[in-house]
Amino acid sequence: MRIGLGYDVHKLTENRKLILGGIEIQYEKGLLGHSDADVLIHAIIDALLGAAALGDIGRHFPDNDDAFKDISSMKLLHKVLYLLKQKKYCIINIDATIIAQRPKLAGYINAMEENIADVLELEKDQINIKATTEEGLGFTGEGLGIAAKAVCLIEKEK
């Protein structure tokens, strides 16, 4: 078995949709980035790639490549599943935390888990997503950005 850790952060900005876990969240700001800037999916991608010793998101989907401009991070996640399958890895579970002062995300968590499980061809109980604030501290606490952390466990297929 192998474990992976992922982290991502993006700045909140005007005139962008807020996408987390492949779900559009109703909010007055969105995340700034080359793709859809889905910090949750980016953290999960980095955790999976790290566990399989396949580098990081920037190696596979560079932010200076127009092929990935405004792309859905769910498409990138699906490509990572293909990379894992090529190396004969299967995902045991993923646990992730979104760090955001606002908006409140509790009502979206179930849909995010279902979305991620569907793309990764997993059961919903193999995905756990949580959201927390930083009690007004730091850039996320001040509402300047959103961050996400993820860990995963993978193993070689039997």
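Please refer to the structure higher up on the page.
Residues numbered from 1 in each chain as written. Predicted model: local features only at pLDDT ≥ 70, side-chain atom pairs only at ≥ 80, totals over all residues. Heavy atoms only, no water.

The full count for this structure, using the stated rule, is six salt bridges. Two residues, Lys130 and Asp95, come together in a salt bridge whose shortest N-O distance is 2.7 Å. Note that Lys130 is positioned in strand β6 (residues 127-132) and Asp95 in strand β5 (residues 89-99), a separation of 35 residues in sequence. Residue Lys130 is classed as partly exposed on the basis of its relative accessible area, which comes to 33%. Asp95 sits in the partly exposed class, given a relative accessible area of 26%. Counted as one network, the salt bridges with shared partners bring together Arg16, Lys69 and Asp70. (Salt bridge = Lys/Arg side-chain N within 4 Å of Asp/Glu carboxyl O. Helix = DSSP H or I, 4+ residues; strand = E, 2+ residues; numbered from the N terminus. Buried < 20%, exposed > 50% of the residue type's maximum accessible area, 1.4 Å probe, protein only.)

For the rest of this paragraph, the subject is the environment of His34. Looking at where His34 falls in the secondary structure, it is placed in the loop between β4 (30-31) and α1 (39-51). Exposure remark for His34: the relative accessible area of 18% places this residue in the buried category. Considering only alpha carbons, one finds His34 and Asp63, 29 residues apart in sequence, at a separation of 5.7 Å. Once residues within four sequence positions are removed from consideration, His34 is found in contact with Pro62, Asp63, Asp65, Asp66, Phe68, Lys69 and Asp70. Within polar-contact distance, the side chain of His34 engages the backbone oxygen of Asp65 at 2.8 Å. Here Lys69 takes part through its backbone nitrogen, which lies 3.4 Å from a polar atom of the side chain of His34. (Contact = heavy atoms within 4.5 Å. Polar contact = N/O pair within 3.5 Å; in protein donor to acceptor, adjacent residues only side chain to side chain.)

Ranked by size, the top nonpolar core spans 51 residues in total, and within it Leu20, Ile44, Leu48, Ile116 and Ile129 carry the most contacts. Broken down by secondary-structure element, the contributors of at least two residues to this core are β2 (18-20), β3 (23-25), α1, α3 (73-86), β5, α4 (109-119), β6 and β7 (145-156). In terms of residue count, α1 provides more of this core than any other element does, ten residues in total. Setting aside its immediate chain neighbours within four residues, Leu20 contacts Ile25, Leu31, Asp38, Val39, Leu40, Ile98, Leu105, Met112 and Ile146. (Core = buried A, V, L, I, M, F, W, Y, C linked by side-chain atoms within 4.5 Å.)

A cluster of nonpolar side chains, namely Tyr7, Val9, Phe139 and Leu144, defines an oily patch on the protein surface of about 350 Å² accessible area. Among the structural elements, Tyr7 can be located in strand β1 (residues 2-13). Since its relative accessible area comes to 42%, Tyr7 is described here as partly exposed. (Patch = residues over 30% accessible without salt bridge, like charges linked within 9 Å, V, L, I, M, F, W, Y side chains within 5 Å. Areas by Shrake-Rupley, 256 points an atom, 1.4 Å probe, with all protein chains shown as cover.)

So, about the sheet that holds β5. If you trace the five strands from one edge of the open sheet to the other, you get β4-β1-β7-β5-β6, paired in mixed fashion. This sheet does not close on itself; its edge strands, each paired only once, are β4 and β6. Of the pairings in the sheet, the one linking β1 to β4 comprises two bridges and is antiparallel in character. Paired with Leu12 across the bridge in β4 is Leu31. Strands β1, β4, β5, β6 and β7 of the sheet are contacted by α1, whose axis makes an angle of about 155 degrees with β1. Running over the sheet, α4 touches β5 and β6 and is turned about 145 degrees from β6. (Pairing = 2+ DSSP bridges. Axes fitted to C-alpha atoms, helices over the stretch in contact; angles between N-to-C directions.)

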